Amino acid sequence: MSKLSIISELWQFLKVRKKWWLAPILVFLLLLGALIVITQSSALAPFIYSIF
């Protein structure tokens, strides 16, 4: 199963089941995950982790 099919299946679920309230939660989780991945190898990592 490719990543694209998982995303399209999730989109179909949101569209068919009218679960639009899940979209902001998913966006927030994606942004938080991207922030953690980006800051892992940077000089900002100690400052970002001290926030949490």
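Here the structure is a predicted model, which means the values were calculated and not measured.

Moving on: the overall build of the protein chain. Across its full length, the protein chain carries three helices and zero strands. Ordered by position in the sequence, the α and β elements of the protein chain form the string α-α-α. Burial status across the protein chain gives 8% buried among its 52 residues. Total accessible area on the protein chain stands at roughly 4700 Å², and carbon and sulfur atoms take up 76% of it.

In this model, the protein chain carries a mean pLDDT of 79, and residues with pLDDT of at least 70 account for 79%. Confidence scores differ between elements of the protein chain, with helix H3 (residues 45–51) showing the lowest mean pLDDT of 69 and helix H2 (residues 22–39) the highest of 84.

Once that is clear, we can look at the environment of Trp11. Secondary-structure assignment places Trp11 in helix H1 (residues 3–17). A C-alpha to C-alpha distance of 9.4 Å links Trp11 and Ala23, two positions twelve residues apart in sequence.

Take a nonpolar patch on the surface next. A surface patch of nonpolar side chains, about 470 Å² in accessible area, is lined by Trp21, Ile25, Phe28 and Leu29. Looking at the secondary structure, you find Trp21 in the loop between H1 and H2.

Scoring rules and cut-offs
Residues numbered from 1 in each chain as written. Predicted model: local features only at pLDDT ≥ 70, side-chain atom pairs only at ≥ 80, totals over all residues. Heavy atoms only, no water. Helix = DSSP H or I, 4+ residues; strand = E, 2+ residues; numbered from the N terminus. Buried < 20%, exposed > 50% of the residue type's maximum accessible area, 1.4 Å probe, protein only. Areas by Shrake-Rupley, 256 points an atom, 1.4 Å probe, with all protein chains shown as cover. pLDDT = per-residue confidence, 0-100. Patch = residues over 30% accessible without salt bridge, like charges linked within 9 Å, V, L, I, M, F, W, Y side chains within 5 Å. Salt bridge = Lys/Arg side-chain N within 4 Å of Asp/Glu carboxyl O.

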